[in-house]
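Inside the fold
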Amino acid sequence: MSSTPSNTLEKATVRRTGIVIDPRCGNHCMEADAPECPARLDVLQAMLREPAMGRHFVEIPARPVVRRSLEEVHAPAYIDRLEATAAQPRVYFDEDTSTSPGSHEAALLAAGGLCRAIAKVHTGALDNAFALVRPPGHHAERAQAKGFCLYNNVAVGARFAQHELGLRRILIVDWDLHHGNGTQNCFADDPSVLFFSTHRAFAYPYTGRLRDVGKGRGKGYTVNIPLLPGFGNGEYLALFQMILSPIALSFKPDLVLVSAGFDIHVDDPMGGMRVTPEGFAGLTRLVMNIADACCRGKLVMSLEGGYGLEGLRDSVRRVLREMAGLQTADTAALMASADPRRLAYPLWRVQRIHGRYWPPLADLGVRLSLMDRFRSLLTWWGAYLGS
Ligand SMILES: [Zn+2]
């Protein structure tokens, strides 16, 4: 990576895209067979050294997040507990989540790296950015490490943007396979942060029902779309275009953050979804379109899951090329591959539940016959019983 963007591709579409990737995030080691492992960053680092990649991006050095920013999201006693793990060979927080002596520094750099990326995009020094950090964050609760996550990076980043940079409305898009329970809970009653999540139904962490729409003043600002396995490029893009886009354009965010998980990749060992690198590029383009329309393109991604190393590498490469304007996904062609039978039920339910909060959704015009509703319910029951 260079300290200044390449001037070899001076087209209108080329953007200054920053990347956070710090070798110290590789010092967080869980057990030897843990899928969330340092090799995930190694393959990304190697990919960024490819001649066709590195020179187009600007490196953003990570700095540890400051305690004040952590306390916007996490309980002080929990932060103390995580700090103390640096002196211990291994501490277990749940059956999937443990720390090594390097974990706490990695977690500080993950959250801090994302905050720095947000600050650079906010000032206009960069157009957009991707924090390639670990540990991931979206399962971390206020006082609980969970599901490979220690600090909730994207939640800390959103509060940093609001309280340190003065931004008002933040959109968080979470396309990881798993529901971002920690992020949802952090902002459930807050109408200044819109949380949109697509995730696999009846899978870890078993939260994120469609009826969970937020609480109090935050009602309508949590949008959950649980999905059955088998969703691919076309269906994901159609959901983003038909549901996320109209909601986001009404919300008018000052910044768009993405909890970018790559465990919906077709070859992911945990997945069950069928998204390809081109599909991730299409999702990126749709999110860029929202950011362009609302906040001069201000978009920052943060790495969450993704456990097939080749799929992770190829997908992040393609997302970065999209963000930098080196390639443009054909979103219409991708959406044309959507299976309308898979889409009908989630669209119909979102229309019914969120149409009252977001008027554009009331006009989706999805109709389901009684027989189709019955068939869909049977399919969902089958998936529930088989889970
Ligand atoms: Zn995940």
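These notes cover the structure that comes with them. (Residues numbered from 1 in each chain as written. Predicted model: local features only at pLDDT ≥ 70, side-chain atom pairs only at ≥ 80, totals over all residues.)

**Here's the deal with the overall build of the chain**
Put simply, the rule reads: Counting from the N terminus, the helices are DSSP H or I runs at least four residues long and the strands are E runs at least two residues long. Using C-alpha atoms as the atom set, the radius of gyration is obtained and then compared with a globule rule of 2.2 Å times the number of residues to the power 0.38. Counting other C-beta atoms within 10 Å of a residue's own tells you its class, since 20 or more makes it buried, 12 or fewer makes it exposed, and anything in between is partly exposed; those C-beta atoms are placed from the backbone. Whether two residues are in contact is decided by their C-beta atoms, placed from the backbone, lying within 7 Å.
When helices and strands are counted, the chain shows 13 helices and 10 strands. Taken over the C-alpha trace, the chain has a radius of gyration of 20 Å; the compact-globule value for 387 residues is 21 Å, and the two agree within 12%. Taking the principal axes of its C-alpha atoms as reference, the chain extends roughly 60 × 50 × 40 Å. A total of 387 residues make up the chain; the buried ones form 52% of that total. Contacts spanning at least 24 positions in sequence make up 77% of the contacts within the chain whose residues lie at least 6 apart.

**Quick word on the environment of Ala161**
Along the chain, Ala161 turns up in helix α5 (residues 153–163). The exposure class of Ala161 is buried, given the 26 C-beta atoms found within 10 Å. It is 8.4 Å that separates the C-alpha atoms of Ala161 and His122, two residues lying 39 residues apart in sequence. Among residues more than four places away in sequence, those in contact with Ala161 are Ile118, His122, Leu167, Ile170 and Leu255.

**Points about the packing of helix α8 (residues 277–295) against helix α9 (residues 309–323)**
How two helices pack is summed up by the angle between their axes together with the distance between the axes. Threshold: Simply put, an axis is a line fit to the C-alpha atoms, just over the touching stretch for a helix, and the angle between two N-to-C directions goes from 0 to 180 degrees. Here a crossing is taken to be left-handed if its near helix is turned anticlockwise relative to the far helix by less than a right angle, and right-handed if that turn runs clockwise. Amino acid classes used here: Ala, Val, Leu, Ile, Met, Phe, Trp, Tyr, Cys and Pro are nonpolar; Asp, Glu, Lys and Arg are charged; the rest, including Gly, are polar.
Their axes nearest at 8 Å, the elements α8 and α9 cross at an angle of 35°. When the axes of α8 and α9 are compared, the crossing they make is right-handed. Contacts between α8 and α9 involve Pro277, Glu278, Phe280, Ala281, Thr284 and Arg285 on the former and, on the latter, Asp314, Ser315, Arg318, Val319, Glu322 and Met323. Residue classes in the contact of α8 with α9 are distributed as 5 nonpolar, 2 polar and 5 charged.

**A closer look at helix α1 (residues 39–48)**
Counted only if it meets this: The arc in question is the one spanned by the directions pointing from the helix axis to the C-beta atoms.
Those residues of α1 not exposed but buried are Arg40, Leu41, Leu44 and Leu48. All buried residues of α1 fall inside an arc of 90° around its axis, so they share one side. Within α1, the exposed residues directed more than 90 degrees away from the buried face are Ala39 and Ala46. The inward-facing, buried residues of α1 abut β1 (17–20) and α9.

**What to know about the packing of helix α7 (residues 233–251) against α8**
Note the following rule: Just so you know how the angles are binned, under 35 degrees is roughly parallel, over 145 roughly antiparallel, 65 to 115 roughly perpendicular, and the rest oblique.
Interaxial distance between α7 and α8 falls to 10 Å at its minimum, and their mutual angle equals 10°. Considering the angle they form, α7 stands roughly parallel to α8. Taken together, the residues of α8 that come into contact with α7 (itself represented by Asn233, Tyr236, Leu237, Phe240, Gln241, Ser245, Ala248 and Leu249) are Glu278, Gly279, Gly282, Leu283, Leu286, Ile290, Ala293 and Cys294.

**Topic: the nonpolar core**
A general trend in soluble globular proteins is that nonpolar side chains are found buried together. To be explicit about the condition: Here a nonpolar core is just a set of buried residues of the types Ala, Val, Leu, Ile, Met, Phe, Trp, Tyr and Cys, joined wherever their C-beta atoms sit within 7 Å.
Formed by 113 residues in total, the largest nonpolar core has its most connected members in Ala131, Leu132 and Val256. Other than its neighbours up to four places away in sequence, Ala131 contacts Val20, Gly113, Leu114, Ala117, Val300, Met301, Ser302 and Leu303.

**Details of the pairing of strand β7 (residues 193–200)**
Using the following cut-off: When DSSP finds at least two bridges between two strands, those strands are taken to pair. Throughout, right-handed denotes a crossover for which the path from the first strand over the helix to the second runs clockwise when the strands point away from the viewer.
Across the 8 residues of β7, 8 count as buried, placing the element largely inside the fold. Here β7 shows two buried faces, one formed by Val193, Phe195, Ser197 and His199 and the other by Leu194, Phe196, Thr198 and Arg200. Note: strand β6 (residues 170–174) against β7, 5 bridges, orientation parallel. In the strand pairing of β7, Ile172 is matched with Phe195. With respect to chirality, the unit in which β6 leads through helix α6 (residues 181–187) into the neighbouring parallel β7 is right-handed. Pairing of β7 with strand β8 (residues 222–227), which is carried by 6 bridges, proceeds in the parallel orientation. By the bridge assignment, Thr198 is partnered in β8 with Ile225.

**Looking at the environment of Gly311**
Mapped onto the secondary structure, Gly311 falls in helix α9. In this structure the C-alpha to C-alpha distance between Gly311 and Ile264, which are 47 residues apart in sequence, comes to 9.7 Å.

**Remarks on the pairing of β1**
A regular strand places its side chains on the two faces of the sheet in alternate fashion. Here β1 shows two buried faces, one formed by Thr17 and Ile19 and the other by Gly18 and Val20. As for the winding sense of the linkage, the β-α-β connection from β1 through α1 to strand β2 (residues 57–59) is right-handed. In this sheet, strand β5 (residues 128–131) lies alongside β1 in parallel orientation, the contact comprising 4 bridges. The partner of Gly18 across the bridge, within β5, is Ala129.

**Digging into the sheet that holds strand β10 (residues 299–303)**
Spatially, the 8 strands line up as an open sheet ordered β2-β1-β5-β10-β9-β6-β7-β8, and their pairing is parallel. The open sheet has two free edges, formed respectively by β2 and β8, since each of these has just one partner strand. Within the sheet, the average angular offset between the axes of one strand and its neighbour, ignoring direction, is 15°. Where β5 meets β10, 4 bridges bridge the pair, whose relative direction is parallel. Across the sheet, the residue bridging to Ala129 is Val300, located in β10. Together, β1, β5, β9 (255–260) and β10 form the strand contacts of helix α4 (residues 103–123), whose direction differs from that of β5 by roughly 175°.

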